[in-house]
Amino acid sequence: MAERFDAVVVGAGPAGSAAALALARERFSVLLVERGRAAGAKNMFGGRVYAWPLFDLLPEWQKDCPVERFVTRESMVFLHGGASLALQFDSPRLGDGRAASFTALRPRFDDWLAKKAEAAGAMLITGIRVDELLMEGGRVRGVVAGPDRIQADVVVLAEGAMGPLAQKAGLLPDLAPPAVSVGIKETVDLPAATIQERFNVGEKEGAAFVFAGEASMGLRGGGFLYTNKASVSLGLVVSSEDLARKKAEVPAVMEGFRMHPAVQRLIRGGKVSEYSAHLVPELGLGMRARFSGDGVLVAGDAAGFLINNGYTFRGVDLAIASGVAAARAAVDARARGDFSAQGLASYERHLRELNVLTDLETFRSAGGYLKNERLFSLYPQLLLGITEKVYTVDGGGKRRISDIIRKEMKGKAPLLRMVRDLIEGARSM
Ligand SMILES: Cc1cc2nc3c(=O)[nH]c(=O)nc-3n(C[C@H](O)[C@H](O)[C@H](O)COP(=O)(O)OP(=O)(O)OC[C@H]3O[C@@H](n4cnc5c(N)ncnc54)[C@H](O)[C@@H]3O)c2cc1C
């Protein structure tokens with residue numbers, strides 16, 4: 001292996017492979033280093049990719065991308081006391097054009113994207129972990145992997161959540177528990193025909209669910225379910241702070257979610273074939289990461305590029321777009337012959353042009369808002385309590401809806417606080 005490349009990319013997740021692909025197309029010699037035995041082997045996520053950045057990066061992506069199903073049905077389900085209240089939206093346009101989103105399995109999706117980077121000319125090596133950044137005169141000059149010291153004009157750190165190398169480079173502060181959640185996921189195998197019938201979707205169509213309320217057993221967080229071809233991805237993202245504070249066990253929380261009657265109805269007869277857990281950087285721009293330094297750029301989860309606003313969960317699309325933005329910044333730096341932090345400073349402009357930073361800014365306060373405990377206990381309880389009373393006819397005398405609402409809300413929380421929560425929610429989401 002050569003000991004010098006124009007660019008070294010650490011991590012063959014979506015951010016790293018997109019960066020390597022875009023750099024190779026610009027005639028950079030690129031080394032893409034992945035610690036897993038294959039790209040995606042170690043990676044997990046909920047299950048949905050928003051496709052928009054693929055239309056520009058790989059215009060023919062639909063020819064061979066390992067899509068499980070295109071999402072055409074969205075559901076938000078509130079759970080409390082064994083009951084559920086669902087808000088459902090379906091439209092064929094959800095699975096169409098640039099607005100399409102699809103379910104995927106990470107080992108296949110990441111492997112596919114890494115192979116596209118290889119096909120463009122990047123060199124992919126797997127089963128090798130980058131241990132250190134190669135520093136010279138206070139700037140990054142390459143990476144150290146085992147006995148190898150590999151030099152490069154620019155290093156793109158796409159190492160995923162918590163980014164220890166980004167922390168060492170001083171680009172990411174030490175992340176305290178409020179900034180990080182824990183993601184848990186099970187893959188539940190079900191025949192394709194059962195999925196189509198149960199979720200009322202066509203052969204290529206799929207459904208996405210967000211669960212709020214009792215899903216996370218009193219911890220701040222929520223659940224998700226995505227339909228794949230012949231399995232569903234079922235999981236939770238919960239506050240790591242609450243897990244520690246309430247001494248909750250991750251498997252017990254997952255079991256509680258899985259056993260909820262509304263969830264059981266969806267996975268009935270299925271067999272759990274995989275279980276995994278992963279950290280999720282939840283504060284987005286609130287993580288106060290710096291995106292570039294001398295000879296180094298940070299992309300994807302390592303930079304905190306993740307949006308969870310309660311109804312959409314986006315990380316993969318932002319990772320791909322930020323990888324492309326990193327490559328564009330490296331091209332600008334090469335034109336100036338300056339790979340210092342100043343030479344790479346156009347990264348932020350490219351992140352903005354690709355709407356990574358703008359979308360993160362739009363939902364800047366969502367992460368903080370979703371730390372409000374009332375969203376996960378009081379409000380689902382009120383919503384389901386009111387709905388149950390509205391639909392109950394038992395001969396015991398019916399009240400008007402306004403009276404039911406007044407009675408259910410009495411003594412639960414000051415009205416002013418609820419109104420304030422509502423306004424803050426509308427603003428942050
Ligand atoms: C439970 C859960 C559900 C999620 N659901 C969704 C969803 O439905 N949709 C969505 O868009 N996003 C979702 N996300 C977020 C999404 O997974 C991430 O935002 C996305 O994977 C970030 O991509 P990345 O390339 O930055 O990092 P990663 O995908 O984490 O890739 C980093 C890569 O770097 C490698 N690596 C790390 N350190 C080194 C090293 N030192 N040397 C060599 N290689 C290294 C890793 O092995 C890995 O392959 C979810 C996350 C979780 C945890």
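Please read all numbers here as calculations on a predicted model, not as lab measurements.

1. A look at the overall build of the protein chain
What the protein chain contains, in helices and strands, is 15 helices and 19 strands. In summary, the protein chain has a C-alpha radius of gyration of 23 Å against a globular reference of 22 Å for 429 residues, a match within 12%. Over its C-alpha atoms, taken along the principal directions, the protein chain stretches across nearly 80 × 45 × 35 Å. Looking at the protein chain as a whole, 48% of its 429 residues are labelled buried. Sequence-distant contacts in the protein chain: of pairs separated by 6 or more residues, those separated by 24 or more amount to 72%.

2. Section: the packing of helix H9 (residues 316–336) against helix H10 (residues 346–353)
Running from N to C, H9 and H10 point in directions that differ by 140°, and their axes come no closer than 8 Å. Put simply, H9 runs oblique to H10. Remark: the crossing between H9 and H10 carries right-handed chirality. Facing Ser-322, Ala-325, Ala-326, Arg-328, Ala-329 and Asp-332 of H9, the residues of H10 in contact are Ser-346, Tyr-347, His-350 and Leu-351. In terms of residue class, the contact of H9 with H10 is made up of 5 nonpolar, 3 polar and 2 charged.

3. Description of the site of the ligand
Close contacts around the ligand come from 39 residues, with Gly-11, Gly-13, Gly-183, Gly-300 and Gly-315 the closest. Secondary structure elements with two or more residues in the shell around the ligand: helix H1 (14–25), strand E2 (30–34), strand E3 (48–50), strand E11 (180–189), strand E14 (231–239), strand E15 (271–281), strand E19 (313–314) and H9. Of the residues in the shell around the ligand, the class split is 16 nonpolar, 13 polar and 10 charged. Shared between two domains, the shell around the ligand takes at least three residues from each, and those domains are domain 1 (4–68 + 104–172 + 289–354) and domain 2 (178–281).

4. What to know about the environment of Leu-57
Examined against the element boundaries, Leu-57 turns out to sit in helix H2 (residues 52–57). A residue is classified by how many C-beta atoms lie within 10 Å of it, and Leu-57, with 20 of them, is buried. In contact with Leu-57, other than residues within four places in its own chain, are Ala-18, Leu-21, Ala-22, Ile-320 and Val-324.

5. Observations regarding the packing of H1 against H9
One can describe the packing of H1 onto H9 by two numbers: an axis separation of 7 Å at closest approach and a directional angle of 35°. Crossing of H1 against H9: the hand is right-handed. In this structure, H1 contributes Pro-14, Ala-15, Gly-16, Ala-18, Ala-19, Ala-22 and Leu-23 to the contact, and H9 contributes Val-316, Ala-319, Ile-320, Ser-322, Gly-323, Val-324, Ala-326, Ala-327 and Ala-330. Residues belonging to the contact of H1 with H9 are distributed by class as follows: 13 nonpolar, 3 polar and no charged.

6. Some details on the domain arrangement of the protein chain
If you check the domain split of the protein chain, you get domain 1 (4–68 + 104–172 + 289–354), domain 2 (178–281) and domain 3 (373–428). If you look at the interface, domain 1 gives 13 residues, while domain 2 gives 15 residues. Of the residues contributing to the side of domain 1 that touches domain 2, the split by class is 7 nonpolar, 3 polar and 3 charged.

7. Let's talk about the environment of Phe-28
Residue position: Phe-28 is located in the loop between H1 and E2. A residue is classified by how many C-beta atoms lie within 10 Å of it, and Phe-28, with 23 of them, is buried. Separated by 383 residues in the primary sequence, Phe-28 and Gly-411 have C-alpha atoms spaced 65 Å apart. Setting aside chain neighbours within four positions, we find Phe-28 in contact with Asp-6, Ala-7, Leu-23 and Ala-330.

8. Structural notes on the pairing of strand E4 (residues 69–80)
Relative to strand E6 (residues 101–103), E4 runs antiparallel, the two sharing 2 bridges. By the bridge assignment for E6, Phe-70 is matched with Phe-102. Pairing between E4 and strand E12 (residues 205–213): 9 bridges, direction parallel. Across the sheet, residue Glu-74 finds its bridge partner in E12, namely Ala-208. With 8 bridges connecting them, E4 and strand E5 (residues 83–90) associate as antiparallel partners. Bridge assignment links Leu-79 to a residue of E5, and that residue is Ser-84. Adjacent in sequence and paired antiparallel, E4 and E5 are bridged by 2 residues, among which Gly-81 carries a positive phi angle near 55°.

9. A few points about the nonpolar core
Burial of nonpolar side chains together is a common tendency in soluble globular proteins. In terms of nonpolar packing, the biggest core is built from 126 residues, with Ala-19 and Val-156 touching the most fellow members. Here the element with the most residues in this core is H9; it accounts for 12 residues. Those residues in contact with Val-156, other than ones at most four positions away along the chain, are Ala-7, Val-9, Val-10, Gly-16, Ala-19, Leu-297, Ala-299 and Ala-326.

10. Observations regarding helix H15 (residues 415–428)
Owing to its 3.6 residues per turn, the α-helix brings residues three or four apart onto one side. Here H15 is 14 residues long and its end C-alpha atoms lie 20 Å apart, about the 20 Å a rise of 1.5 Å per residue gives. Within H15, only 0 of the 14 residues are buried, which leaves the element largely exposed.

11. Points about the environment of Ile-423
Checked against the element boundaries, Ile-423 lands in helix H15. As for Ile-423 and Val-140, which are separated by 283 residues in sequence, their C-alpha atoms are 45 Å apart.

12. Describing the pairing of strand E13 (residues 221–227)
Side chains on a regular strand alternate between the two faces of the sheet. Of all 7 residues in E13, 7 are buried; the element is thus mostly enclosed. Looking at chain direction, E13 and E14 are connected through 7 bridges and run antiparallel. By the bridge assignment, Phe-224 is partnered in E14 with Gly-235. The turn joining E13 and E14, which pair antiparallel and follow one another in sequence, is formed by 3 residues.

13. Here we look at H10
Within the span of H10, buried status applies to Ser-346, Tyr-347, His-350 and Leu-351. With its buried residues spanning 145° around the axis, H10 presents them on a single face. The inward-facing, buried residues of H10 contact strand E16 (292–293), strand E17 (296–298), H9 and helix H11 (356–362). Once H10 finishes, Asn-355 follows within two positions and takes phi at roughly 65°, a positive value.

What counts, and at which threshold
Residues numbered from 1 in each chain as written. Predicted model: local features only at pLDDT ≥ 70, side-chain atom pairs only at ≥ 80, totals over all residues. Helix = DSSP H or I, 4+ residues; strand = E, 2+ residues; numbered from the N terminus. Rg over C-alpha atoms; globule rule 2.2 N^0.38 Å. Buried ≥ 20, exposed ≤ 12 C-beta atoms within 10 Å, placed from the backbone. Contact = placed C-beta atoms within 7 Å. Axes fitted to C-alpha atoms, helices over the stretch in contact; angles between N-to-C directions. Parallel < 35°, antiparallel > 145°, perpendicular 65-115°, else oblique. Left-handed = near helix turned anticlockwise from the far one by under 90°. Nonpolar A, V, L, I, M, F, W, Y, C, P; charged D, E, K, R; others polar. Near = placed C-beta within 6 Å. Domains from an automatic or database assignment. Pairing = 2+ DSSP bridges. Core = buried A, V, L, I, M, F, W, Y, C linked by C-beta atoms within 7 Å. Expected span 1.5 Å × (residues − 1). Arc of directions from axis to C-beta.

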